[in-house]
Amino acid sequence: MNQDNTRPENQSEDIIKGATSGEYKYGFVSDIDTDIIPVGLSEDVVRLISAKKGEPEWLLDFRLKAYRHWLTLEMPRWAHLDIPEIDFQAISYYAEPRKKEGPKSLDEVDPQLLDTFNRLGISLEEQKQLSGMAVDAVLDSVSVHTTNKEKLAKMGIIFCSISEAVKDYPDLVRKYLGSVVSYRDNFFAALNSAVFSDGSFVYIPKGVRCPMELSTYFRINAAGTGQFERTLIVADDDAYVSYLEGCTAPQRDENQLHAAIVEIVVEDRAEVKYSTVQNWYAGDAEGRGGIFNFVTKRGLCRGDYSKLSWTQVETGSAITWKYPSCVLKGEGSVGEFYSVAVTNNRQQADTGTKMIHIGRNTRSTIVSKGISAGHSENAYRGLVKVVPAASGARNYTQCDSLLLSDTCGAHTFPYIDVQNDTAIVEHEATTSKISEDQIFYCNQRGIPTEEAVGLIVNGYAKEVMNKLPMEFAVEAQKLLQITLENSVG
Amino acid sequence: MDNILLQVNDLRAGIDGKEILRGINLTVRPGEVHAIMGPNGSGKSTLSGVLAGNPAYTVNGGSVDFHGLDLLSLSPEDRSHEGLFLSFQYPVEIPGVSMVNFMRAAVNAKRKYFNEEPLSAGDFLKLMRQKRAIVELDNKLASRSVNEGFSGGEKKRNEIFQMAVLEPRLSILDETDSGLDIDALRIVASGVNKLKTDSNSTIVITHYQRLLDYIKPDFVHILYKGRIVYSGGPELALELEERGYDWIKEQVDNQQ
Amino acid sequence: MNALTQYIELFKAHRSTIEANAPAALNERRTEALDVLEKCGRLPQRGDEGYEITSLNDMFAPDYGINIARIKFPDDELSTFRCELPSVTRAWSMLVNDHFVAAPGLEQSLPEGVEVMSLRRAAELYPGMIYGDKLPVDNPVVALNTLFVQDGVFIRIRRGVHFDTPIQILNVFNSATPMLAARRIRVVVEEGAHASVLICEHPRVADVDYLSCRVVDVTVARDAQLDFYDLEEATARSRRASVFACDQHQESRLNMSNIFLDGGMTRNDYCIRYSGDHATTRLGGLVIGGREQSIDNSVDIAHSTQHCSSNQLFKYALFDQSKGAFGGMVNVEAGARYTDARQSNRNLLASPEARMHAMPQLIINCDEVKASHGATTGQLDERALFYMRSRGIPEAEARMMLINAFMTDVLDHVQLEPLRERLRHLVDKRLRGCNSTCNTCSLEKLK
């Protein structure tokens, strides 16, 4: 190939590079007066957190057990990740926007805080008016406001912060907390169980279809803190709920730790849809700063014919380590996992799912789309396990990786363990480079390369994006484009 | 029984706990051609599946006598040996099994059933050659895996080829016309007609009248909601072609 | 219990005997191997990453004897032994335990430029050629083999020589007491040469435990081709830990097929490395597992050069309480542009107690690649079964035909037609044998 011929190719590579170096638009810090406890972790800190929240004895016990267990554990090393040493004594485990009393209405919420959420595109005020969605906003460690609570309450739906739930519905919380993700589950689950600050609690009573999307926005604002929220969702018999989670954090050149737990219990014939658009700050182009996102998410399809569907669009975080999972215990229960994970610059993601087939005729579907650019590392790791009792279990897994640069990595680590001869388990994976033919075709029709990349990537991810609720789909689509393009607003 | 090949009495059957056939009665004598027509979802394919013994279906009641045998008690392979042939609506692709091995296994299993020696390789190939001519089936298809990579027309011709080889007493053609262009349809139909004798019978299951222009039925039955709701001569098919199924549906639904 | 310690102690106590009974070139690397093992501390166990069903620790734990003083076993084998593949070749030899025995007239049956000899002799004739450059010395099985190896087979195909007849090695085990054989097979296919090698693993005695600790060390030079067939037909009491390592040079071609028909517990590692561009690799695996057999294939392909292609196809049919595992690591390193890596693992669970683990893995660090993998575990196609039955084929026969058909594409990889047909026949026989003899895996019962 002579010099002249190679030039356009190089040019288009440059454009792809340019197009994939977008900057983070949620990287502002809000000037909110925050109550932060000193850094470090000890039994006293655990007691302090519990005391600050005025928790009952059983919850303090739970935290202390978890803390003591955590002390016996080491941070996991097995993921395909390069995790710098984390000094768990250099993190503050509790940060709370300072206020005189809990806000009774939006008027009492710190205007700076409202501004923060408005800049995130989540207007609490508007959300309150529009009945399309109920929003719980969690800033740093504390749930600051939940909208539409009253309306939901009329139907018997509980949607509040987990701290309120501990006070108002202690029996429910006690019954379900830790029932899906035990504090013994893993290093970060133990840590979270010891120090979790807040999060959302959802209970949908028997036979109720939640009429609106429930949504939580998580935001880390304060410097030098970690966020350890905990979400608990219970869908009783024949109930239905769709739950959305969004996350952002300011741009800082230090790493911040986010170690959350999401537990979901799905009873007979109930259905839960859990959607995440994760856009924590990913660090800069050189990999300075960014959130370490180490999350344990698991749902138990306890009831017969229950269904749990995870959809995630992962674009942020310096390091992501999460495997939203389904334990399919009820007969005929269904688990789904739809994921788009985009990594750019120095980001690392190790994400996937576990589908544990225990009940008869359980079904699971996994669709994972990894997109890697820059110098990032993007891995799918998944487990499909069919235990001997799970007759008639069926799994279909498809995981595809798209590479946008020659310096990134795309990896696939599926584990398939089939112990029942009536099960059918299928796994397909492909890895390919973004098609130059497609880019050229777009170019020829007048679409510039960076737009073409966005188009192609969105098309590639469409199967998953279609699973998102409308309100989120548009936002997620934009986010994909922003992560990969130079069109930051 | 006076010369009856197939006698279906109050046959009820379904799939996955759902009842589809709700009492089918049908009598077929040697040499007759019966057409079973009906709108989508009426139970046409279920009927052919149940008669051939597809384990996916459950029989809930009724009986089927096939020249003196209790058909429903026989395995699918014994039904085949006893002369029942089903031309599948969707012939199954079997990668890795060549047509030749497949047919040889079928032919010799039948011979064994009747205590006959297996065919020699030479005789078998001669038989194949002979029967292929009936449906103008390409020789090269014989070396391929069963139905794999066959076009829609080739698959259906392959079904009729197998019918020719196995020489059934009763052939059930399940939507044999679906997915065929006019030329392929003619070849398939002429194959069926060539195989027609005074002693064998045919049940043609079809949605459209088109196939019946080529394979002339003696009787036409209309299947709706799991029952034969109307029976008549060949003119009934023409009437259906003209008027569609709605008038039948209305009549039946009003009665209920 | 740590099985490794006993081997390290055994080696240290008897090093002088081992080395006195082996050529210098084989003694050269023992210190390095000892280092590796001492660093390992222990052998991999079940549950370690990549060892989902096999515990090398348990495999090596029994108190096997090792014939380090090279006491001669009676080798009347040649006159009495019958292989299942008799008519394929005249160019054959045996490894009785780890002792090389040439067939009568072996040398005459080999053309000029083709050498098949004992590793001991080769170590003296060609001391510089008895190790491949890419042998994974860190692998514990390779290290253990290196510690104890005293003999084996050496095959050399000189530059430009094409030898169509497969060179057959019968691996025979013969001992009255439990024994470990550290076998090594070294194959060098020089530039532009072309050869095929067939290894058959057979027991001589069925009621004695034995462990074959085997290393196959292959170099395929520029523009050369090697077809390698590995047939395992051992006994319930046999154990095998094998490492097949291949160094492929520019434009070289490797076709490897492993066929497991019988045995006890088997772990096969395949380690493919590239020293040049435009090489192609095809790995095939066929497993018919029954009884309490445990069959574990683990592939590790590292694409480090450009324009290479690798294609893996592993198929398992598991009956009874058998366990299968497939691990397939394809690593495309940065700079390995225009790599085409494909991997397929298809499994049939044919009994309620059979179990299959699959871990197909892709690590891709380069964007100009085509990589894919697929893994399925399931049953025979019920529709196909009914279709066949409706044509009069009895159910058991139909199942047999479908299982055979399921396996057929692995055997399609076998280049040599007579060999392919023999192998087909063996697979068919194995499936029918399974059908007629053992009640627990009678095919009629299968759902």
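Rules used throughout
Residues numbered from 1 in each chain as written. Chains lettered and ligands numbered in written order. Predicted model: local features only at pLDDT ≥ 70, side-chain atom pairs only at ≥ 80, totals over all residues. Heavy atoms only, no water. Contact = heavy atoms within 4.5 Å. Buried area = accessible area lost by both parts, 1.4 Å probe. Salt bridge = Lys/Arg side-chain N within 4 Å of Asp/Glu carboxyl O. Polar contact = N/O pair within 3.5 Å; in protein donor to acceptor, adjacent residues only side chain to side chain. Helix = DSSP H or I, 4+ residues; strand = E, 2+ residues; numbered from the N terminus. Nonpolar A, V, L, I, M, F, W, Y, C, P; charged D, E, K, R; others polar. Pairing = 2+ DSSP bridges. Phe/Tyr/Trp six-rings, centres within 6.5 Å; stacked < 30°, edge-to-face > 60°. Buried < 20%, exposed > 50% of the residue type's maximum accessible area, 1.4 Å probe, protein only. Lys NZ or Arg CZ within 6 Å of the ring centre and 35° of its normal. Axes fitted to C-alpha atoms, helices over the stretch in contact; angles between N-to-C directions. Domains from an automatic or database assignment. Expected span 1.5 Å × (residues − 1). Bend = angle between axes of the 7 residues up to and from the residue.

**Student:** Pulling in residues and values, what's your account of the interface of chain C and chain A?
**Tutor:** Taken residue by residue, the interface counts 35 residues in chain C and 32 residues in chain A. Of the roughly 2,700 Å² buried where chain C meets chain A, counting both sides, 44% is carbon and sulfur surface. In this structure, the salt-bridge partner of Arg 355 of chain C is Asp 417 of chain A, at a minimum N-O distance of 2.9 Å. Linking chain C with chain A are 18 residue pairs in polar contact (both at pLDDT 80 or more), by the criterion used here. The set of elements that each furnish at least two residues to the side of chain C that touches chain A consists of β17 (339–349), β18 (355–364) and β19 (369–378) of chain C. Residues that form the side of chain C that touches chain A fall into these classes: 16 nonpolar, eleven polar and eight charged. Alignment of strand β24 (residues 424–433) of chain A against β19 of chain C, held across eight bridges, turns out to be antiparallel. When the bridges of β19 of chain C are listed, His 427 of chain A appears paired with Ala 375 of chain C.

**Student:** I'd love a proper account of the packing of aromatic side chains, names of residues and values included.
**Tutor:** For the coordinates displayed, the defined rule picks out 28 aromatic pairs over all chains. Summarising the aromatic geometry, the rings of Tyr 113 of chain B and Phe 114 of chain B are spaced 5.0 Å apart at their centres and angled 90 degrees between planes, so their arrangement reads as edge-to-face. Overall, Phe 114 of chain B belongs to the partly exposed group, its relative accessible area being 40%. A cation sits over an aromatic face here: Arg 267 of chain C above Tyr 51 of chain C, 4.0 Å from the ring centre.

**Student:** Tell me about unusual backbone geometry, and name the residues and values.
**Tutor:** Positioned with a positive phi, Tyr 305 of chain A is a non-glycine residue whose angle comes to about 55 degrees. Examined against the element boundaries, Tyr 305 of chain A turns out to sit in the loop between β13 (290–301) and β14 (307–314). Accessibility expressed as a relative area gives 49% for Tyr 305 of chain A, which makes it partly exposed. Positive phi, normally seen in glycine, also occurs at Arg 291 of chain C, with a value near 45 degrees.

**Student:** Pulling in residues and values, what's your account of the sheet that holds strand β10 (residues 201–206) of chain B?
**Tutor:** Residue and element names in this part refer to chain B. Spatially, the six strands line up as an open sheet ordered β6-β9-β10-β3-β11-β12, and their pairing is mixed. The sheet is open, and its two edges are formed by β6 (84–87) and β12 (227–232), each paired on a single side. For this sheet the average axis-to-axis angle between neighbouring strands, irrespective of direction, equals 20 degrees. Of the pairings in the sheet, the one linking β6 to strand β9 (residues 170–174) comprises four bridges and is parallel in character. Across the sheet, Leu 86 pairs through a bridge with Ile 172, a residue of β9. Most of the contacts of helix α5 (residues 152–166) go to β6, to which it runs at about 170 degrees, and overall it touches β6 and β9.

**Student:** Could you give an account of the pairing of strand β8 (residues 210–220) of chain C, with specific residues and numbers?
**Tutor:** Residue and element names in this part refer to chain C. The buried count for β8 comes to eleven of eleven residues, which makes it a mostly enclosed element. Judged by which residues are buried, β8 turns out to be covered on both faces: Tyr 210, Ser 212, Arg 214, Val 216, Val 218 and Val 220 on one side and Leu 211, Cys 213, Val 215, Asp 217 and Thr 219 on the other are all buried. In this sheet, β8 lies alongside strand β6 (residues 179–189) in parallel orientation, the contact comprising eleven bridges. Within β8, the position partnered with Ile 185 by the bridge is Val 216.

**Student:** Pulling in residues and values, what's your account of helix α8 (residues 140–148) of chain C?
**Tutor:** Think of an α-helix as 3.6 residues a turn; residues three or four steps apart then line up on the same face. Residue and element names in this part refer to chain C. Counted residue by residue, α8 has nine buried out of nine residues, so it is predominantly covered. Within the span of α8, buried status applies to Pro 140, Val 141, Val 142, Ala 143, Leu 144, Asn 145, Thr 146, Leu 147 and Phe 148. In this fold, the buried residues of α8 make contact with α1 (3–20), α3 (30–40), α4 (56–60), β6, β8 and β10 (238–248).

**Student:** Would you mind going over the domain arrangement of chain C in detail, with residue names and values included?
**Tutor:** Residues and elements named next belong to chain C. Under the domain assignment, chain C is made up of domain 1 (3–276) and domain 2 (381–447). Between the C-alpha centres of domain 1 and domain 2 the distance comes to 31 Å. Counting residues at the interface gives 14 residues for domain 1 and twelve residues for domain 2. Interface of domain 1 and domain 2: buried area, both sides summed, is about 1,200 Å²; carbon and sulfur atoms make up 70% of it. Summed over the shared surface of domain 1 and domain 2, the number is zero salt bridges. Here domain 1 is connected to domain 2 by two residue pairs in polar contact (both at pLDDT 80 or more). Within the residue set of the side of domain 1 that touches domain 2, elements represented by two or more residues are β9 (225–233) and β11 (253–262). With four residues, the top contributor of residues to the side of domain 1 that touches domain 2 is β11. Its residues placed into classes, the side of domain 1 that touches domain 2 shows nine nonpolar, two polar and three charged.

**Student:** Residues and numbers for α1 of chain C, please.
**Tutor:** All names here are of chain C. Relative to the 26 Å expected for 18 residues at 1.5 Å per residue, α1 spans 25 Å between its end C-alpha atoms, a close match to the ideal helical length. Roughly 75 degrees is the biggest bend found in α1, and it falls at His 14. The set of residues buried in α1 consists of Ala 3, Leu 4, Tyr 7, Ile 8, Phe 11 and Ile 18. The elements touched by buried residues of α1 are α2 (24–27), α3, α4, α8 and β6. For α1, the N-terminal cap is Asn 2; the gap from its side-chain oxygen to the backbone nitrogen of Leu 4 is 2.9 Å.

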